[in-house]
Amino acid sequence: MSEPKKLYIKTYGCQMNVYDSERMSETLGGQGYVETQSPDDADMILLNTCHIREKAAEKVYSELGRFKGLKAEKPDLKIGVAGCVAQAEGEEIMRRQPLVDLVVGPQSYHRLPEMEARTREGQKALDTDFPEEDKFEKLKNRPKAKRGPTAFLTVQEGCDKFCAFCVVPYTRGAEVSRPADRIIREAHDLVERGVREITLLGQNVNAYHGAGANGDMTLAGLIWELNKVDGLERIRFTTSHPNDMADDLIEAHGTCEKLMPYLHLPVQSGSDRILKRMNRSHTAESYLRLVERIRAARPDIMMSGDFIVGFPEETEEDFQATMDLVEQVKYGYAYSFKYSTRPGTPAAERPQVDPQAADDRLQRLQALITQHQREIQDAMVGRKVSVLFEKSGRLPGQMVGKSEYLHSVHVSEADVAVGELRDVRITGSGANSLAGTLI
Ligand code: 5AD
Ligand code: SF4
């Protein structure tokens, strides 16, 4: 038998890219590739890229530049760019960095084996189509090998919302939901391989409306189906849009036992003037009422969000409205970003905020979010949580897992195996994690 070829994949950006990288690696497994953790011994290097902010996109070019020496030493090494930079920049990538052999957009991953073969014949391969066929159906069946206790599962891709700052509708395309039966089948397969927690992924996951047995299914309907899967203990989903937070989904947070009490619900800004300019089609008030309804259904739910500061024309007053909203919601987790101009999006043409003012706002917002995170985390001390153990810790005998609220929990001298779900009493709160003892 010939030596397996080695594939090095580096993943940037969101969880969907993590899932896609896994599927690409499995598909190239059918071409005789095994994954390696080092680019130095790879026969193929694949960067799965992110285009959401300028910095993310620029990282790709600096990383590619670093492979020049490797490629000179190993002329047979193939270098590919996948993901959203591939989709957005296409051929331009090969022009800017001629060592690139292959450029593949997120909707064309099922064509990778054939593209890889073309590069082996010395050709360049480029595919940034939005093909009719369903890439997931055409991607090689997933292997049966055992794996860790948590997994991502993409159920929906693309977005029709067109927020004025965002490239996703252009790089991932129109909103498409996978049929429910395929998702459920994949969930069963994952559970057989040792998975106990599945995070359902979609750029606009709560807009899910995949074909089900009796017409289209909602995300809540899909979650209830997954709730029946024996051996699956936990269900999460991300990322949601406030306008698609349907009643049945809110209700499921109160009644579906495997659905975890955690919700990532980006608001982006607390100023109605800015929300309107962002094309968000909700207000600060409607968002706050929604959070109230969600908390009425599930009082202990951990809220998480995304924020952009320094969006074109944002004033200090607009920013204060964001700070007020954060004060009211008190997020357990939140991600905040300085606005980054994305060519081709409507906001790119508008008057920009002074970068120093934006930096200053970002710092103030992050300080407030961190303060709330700490308060919420510290308040966990003394409480009982359930922990799904994922790996051993740095100290001997220590095990690390996640609580239902997604806090990292470290347990010393824990007589538990990876994949076990156990009750834990929280005894301490550190910078980014909790400590506890088994009950
Ligand atoms: N600039 C800054 N942040 C952005 N996001 C999306 N587009 C931009 C942009 N142009 C943020 C949003 C989104 C998260 C994934 O990234 O907050 O929810
Ligand atoms: Fe981008 Fe999310 Fe807005 Fe869609 S809803 S355009 S993915 S920020």
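No experiment lies behind these values; they were computed from the predicted model shown.

## Observations concerning the site of ligand 2
Logical step 1: By nearness alone, every residue bordering ligand 2 is listed as Cys159, Lys161, Phe162, Cys163, Phe165, Cys166, Val168, Pro169, His241 and Arg280.
Logical step 2: Per-class residue counts for the shell around ligand 2 are seven nonpolar, one polar and two charged.

## A few points about the sheet that holds strand E3 (residues 44-49)
Pairing between sheet strands relies on hydrogen bonds along the backbone, with the strands arranged either parallel or antiparallel.
Logical step 1: Across the sheet, which stays open at both edges, the six strands sit in the order E2-E1-E3-E4-E5-E6 with parallel pairing between neighbours. The two strands at the open ends of the sheet, each matched to only one other strand, are strand E2 (33-35) and strand E6 (125-127). Pairs of neighbouring strands in the sheet enclose a mean axial angle of 20°, with direction left out of account.
Logical step 2: Across the face of the sheet, helix H1 (residues 15-29) comes into contact with strand E1 (5-11), E2, E3 and strand E4 (78-82) while running at roughly 170° to E1.
Logical step 3: Lying on the sheet, helix H2 (residues 54-66) is in contact with E1, E3 and E4; it crosses E3 at an angle near 170°.

## Observations regarding helix H10 (residues 219-227)
Logical step 1: Listed as buried for H10 are Leu219, Ala220, Leu222, Ile223, Leu226 and Asn227. Here the buried residues of H10 occupy an arc of 160° about the axis, which is enough to place them on one side.
Logical step 2: Of the surrounding elements, those touching the buried residues of H10 are helix H9 (180-192), strand E10 (197-201), strand E13 (234-238) and helix H11 (247-255).

## Section: unusual backbone geometry
In terms of backbone geometry, most residues other than glycine have negative phi values and most peptide bonds are trans.
Logical step 1: Looking along the chain, the bond that leaves Thr238 and enters Thr239 is cis, with omega of 5°.
Logical step 2: With a phi angle near 55°, Ser281 is a residue other than glycine that sits in the positive phi range.
Logical step 3: Looking at the secondary structure, you find Ser281 in the loop between helix H12 (272-277) and helix H13 (284-297).
Logical step 4: Relative accessible area serves as the criterion here: at 53%, Ser281 is assigned to the exposed category.

## Quick word on the pairing of E1
Logical step 1: In terms of strand pairing, E1 meets E2 through three bridges, oriented parallel. Residue pairing in the sheet places Lys6 in a bridge with Val34 of E2.
Logical step 2: On the question of chirality, the crossover connecting E1 to the parallel E2 by way of H1 is right-handed.
Logical step 3: When E1 meets E3, the two strands line up parallel, connected through five bridges. Paired with Tyr8 across the bridge in E3 is Ile45.

## Observations concerning the pattern of salt bridges
Logical step 1: This structure, assessed with the given rule, holds 45 salt bridges.
Logical step 2: Two residues, Glu22 and Arg142, come together in a salt bridge whose shortest N-O distance is 2.8 Å. Residue Glu22 is found in helix H1, and its partner Arg142 is found in the loop between helix H7 (135-138) and strand E7 (150-154); the two are separated by 120 residues along the sequence.
Logical step 3: By relative accessible area, which is 22% here, Glu22 ends up partly exposed.
Logical step 4: A relative accessible area of 11% places Arg142 in the buried class.
Logical step 5: Of the charged contacts, one joins Glu157 and Lys135 as a salt bridge, the two residues approaching to 3.0 Å between their closest N and O atoms. On the criterion of sequence distance, the pair formed by Glu157 in strand E8 (residues 156-157) and Lys135 in helix H7 is long-range, its members being 22 residues apart.
Logical step 6: With a relative accessible area of 5%, Glu157 lands in the buried category.

## Points about the site of ligand 1
Logical step 1: Within the structure, ligand 1 sits among Ile52, Arg53, Phe165, Gln268, Asp306, Ile308, Phe337, Lys338, Tyr339, Ser340 and Arg342.
Logical step 2: Arg53 is positioned with one of its side-chain polar atoms (N or O) 2.9 Å from an oxygen atom of ligand 1.
Logical step 3: Here a nitrogen atom of ligand 1 and a backbone polar atom of Ser340 are 2.8 Å apart.
Logical step 4: In isolation ligand 1 exposes 400 Å². Once the protein is present, 87% of that is buried.
Logical step 5: Elements represented by at least two residues in the shell around ligand 1 include exactly strand E15 (302-309) and strand E16 (333-338).
Logical step 6: Partitioned by chemical class, the residues of the shell around ligand 1 number five nonpolar, two polar and four charged.

## What about H11?
Logical step 1: For H11, the full list of buried residues reads Leu249, Ile250, Ala252 and His253. Along H11, the residues classed as buried sweep out an arc of 155° about the axis, all on the same side. Facing away from the buried side of H11 by more than 90 degrees, the exposed set consists of Asp247 and Glu251.
Logical step 2: For H11, the elements touching its buried residues are H10, E13, strand E14 (262-264) and H13.

## Quick word on the sheet that holds strand E19 (residues 408-411)
Logical step 1: The five strands lie next to each other as E17-E18-E19-E21-E20, forming a closed barrel whose pairing is mixed. If you compare each strand with its neighbour and ignore which way they point, the axes differ by 50° on average.
Logical step 2: Inspection of the sheet shows strand E17 (residues 384-392) paired to strand E20 (residues 421-429) by five bridges, in the antiparallel sense. Looking across to E20, one finds that Val387 is bridged to Arg422.

Cut-offs applied
- Residues numbered from 1 in each chain as written.
- Chains lettered and ligands numbered in written order.
- Predicted model: local features only at pLDDT ≥ 70, side-chain atom pairs only at ≥ 80, totals over all residues.
- Heavy atoms only, no water.
- Near = heavy atom within 4 Å.
- Nonpolar A, V, L, I, M, F, W, Y, C, P; charged D, E, K, R; others polar.
- Pairing = 2+ DSSP bridges.
- Helix = DSSP H or I, 4+ residues; strand = E, 2+ residues; numbered from the N terminus.
- Axes fitted to C-alpha atoms, helices over the stretch in contact; angles between N-to-C directions.
- Contact = heavy atoms within 4.5 Å.
- Buried < 20%, exposed > 50% of the residue type's maximum accessible area, 1.4 Å probe, protein only.
- Arc of directions from axis to C-beta.
- Right-handed = clockwise from strand over helix to strand, strands pointing away.
- Salt bridge = Lys/Arg side-chain N within 4 Å of Asp/Glu carboxyl O.
- Polar contact = N/O pair within 3.5 Å; in protein donor to acceptor, adjacent residues only side chain to side chain.
- Areas by Shrake-Rupley, 256 points an atom, 1.4 Å probe, with all protein chains shown as cover.

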